[in-house]
Amino acid sequence: MATCMQHQKHWSKVELIYQTVRNPNIHIKGTHSYYSDAWSGSFEQSVVRYLYGDEYSLQAWEPQWDIDPLYLGDYVCIGAEAVILLGGNHTHRADWFSLYPFADFLDESYQGKGPTVISDGAWIGMRAMIMPGVTIGEGAIVAANSVVTRDVAPYTVVGGNPAKPIRTRFSPAVIERLLALKVYDWPEAKFDTLKRQLCSADIDALEAASRRYDQASD
């Protein structure tokens, strides 16, 4: 897929997120994660919502509580018009009689959700919504228009509102072997060398190629 940072937008062009994000509370691993921004603003302007650290909030106020950050893994694919909700608006206390965020009690009304994590190799479908404090596991798929309210296990496909597991991408045994390989922690040279094995479903071949590469590198 082509990449383009120009004003001219097209669905075949994507935004490489590491090139555009400025918010210090968005932590990005690697250089390959992208956002399909053809029908919206940039990742930081359109996808990430209610996160202190954008240009306006940095200038306008000091936060009264710890910031719940966003962690984005490498090789993450984020579909157009997806939304990731963060911690800036957690001031509606469901355990209080009034949900209204009165300024007098704003500090008391805030309830943090913890970091939101989208792990390596995940795919977030078009118009999906990720709720605060959720962890999307390695290689997971979130179907288009889904609302994710709970953690998603690695290599699991979820969909719906609220999103529920539909199936796993591979058998439990294969998922366990994949996670043990720690593919997304490999040096880029190894990752590039083993792309053919990564672009297949043969776990034996991938493990064997990994061993050969490591032995040759010793």
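These numbers were taken from a predicted model, which means no experiment stands behind them. (Residues numbered from 1 in each chain as written. Predicted model: local features only at pLDDT ≥ 70, side-chain atom pairs only at ≥ 80, totals over all residues. Heavy atoms only, no water.)

(A) Fine view of the overall build of the protein chain. Helix and strand counts for the protein chain come out as seven helices and 16 strands. Each of the 218 residues in the protein chain was classed as buried or not, and the buried ones make up 42%. Of all intrachain contacts in the protein chain linking residues separated by at least 6 positions in sequence, the fraction that spans at least 24 positions is 44%. Summing over all exposed atoms, the protein chain offers an accessible surface of approximately 12,500 Å²; the carbon and sulfur share of this is 54%. Side-chain charges of the protein chain comprise 19 positive and 26 negative groups, with the mean position of each set lying 9 Å from the other. (Helix = DSSP H or I, 4+ residues; strand = E, 2+ residues; numbered from the N terminus. Buried < 20%, exposed > 50% of the residue type's maximum accessible area, 1.4 Å probe, protein only. Contact = heavy atoms within 4.5 Å. Areas by Shrake-Rupley, 256 points an atom, 1.4 Å probe, with all protein chains shown as cover. Lys, Arg positive; Asp, Glu negative; His and termini not counted. Charge placed at Lys NZ, Arg CZ, Asp CG, Glu CD.)

(B) Structural detail: the sheet that holds strand β9 (residues 116-118). On the basis of which strands lie adjacent, the open sheet formed by four strands has the order β3-β6-β9-β12 and parallel pairing. If you trace the sheet from one side to the other, it starts and ends with β3 (26-28) and β12 (135-136), each paired once. As defined by bridge partners, strand β6 (residues 70-72) adjoins β9 across three bridges and the pair is classed as parallel. Directly across from L70, in β9, lies its bridge partner T116. (Pairing = 2+ DSSP bridges.)

(C) Looking closely at a nonpolar patch on the surface. The grouping of W11, W39 and M126 at the surface amounts to a nonpolar patch, some 380 Å² of accessible area in total. Structurally, the position occupied by W11 is in the loop between β1 (2-3) and β2 (13-16). (Patch = residues over 30% accessible without salt bridge, like charges linked within 9 Å, V, L, I, M, F, W, Y side chains within 5 Å. Salt bridge = Lys/Arg side-chain N within 4 Å of Asp/Glu carboxyl O.)

(D) Seen up close, the environment of K190. The topology assignment puts K190 in helix α5 (residues 188-193). Exposure remark for K190: the relative accessible area of 4% places this residue in the buried category. If near-sequence neighbours (up to four positions away) are discounted, K190 is found in contact with S210, Y213 and D214.

(E) Representation of helix α7 (residues 203-217) in the model. An ideal rise of 1.5 Å per residue puts 21 Å on 15 residues; α7 measures up with 21 Å between its terminal C-alpha atoms. If you follow the buried residues of α7, they end up packed against α4 (172-181), α5 and α6 (195-198). Its side-chain oxygen at 3.2 Å from the backbone nitrogen of D204, D202 defines the N-terminal cap of α7. (Expected span 1.5 Å × (residues − 1). Polar contact = N/O pair within 3.5 Å; in protein donor to acceptor, adjacent residues only side chain to side chain.)

(F) Spatial organisation of the sheet that holds strand β8 (residues 83-85). Spatially, β5-β8-β11-β14 is the arrangement adopted by the four strands of the open sheet, whose pairing is parallel. In this open sheet, the two strands that pair with only one neighbour each are β5 (48-49) and β14 (147-148). Here β8 runs beside strand β11 (residues 129-130); their pairing, made up of two bridges, is parallel. Looking at the pairing, V83 lines up with M129 of β11.

(G) Fine view of the packing of α4 against α7. At their nearest, the axes of α4 and α7 sit 11 Å apart, and the two run at 20 degrees to each other. One element, α4, and the other, α7, form an angle in the roughly parallel class. In this structure, α4 meets α7 at a crossing whose hand is left-handed. Residues V174, R177, L178 and L181 of α4 form the contact with α7, whose own contacting residues are I203, D204, L206, E207 and S210. (Axes fitted to C-alpha atoms, helices over the stretch in contact; angles between N-to-C directions. Parallel < 35°, antiparallel > 145°, perpendicular 65-115°, else oblique. Left-handed = near helix turned anticlockwise from the far one by under 90°.)

(H) Structural detail: the pattern of salt bridges. Inspection of the entire model under this criterion finds eight salt bridges. Taken together, the shared-partner salt bridges in this structure form one network comprising K29, D120 and D185.

(I) Focus on the side chain of S57. Along the chain, S57 turns up in helix α2 (residues 55-60). S57 sits in the buried class, given a relative accessible area of 2%.

Geometric descriptors of this kind do not, in isolation, establish any biological role.
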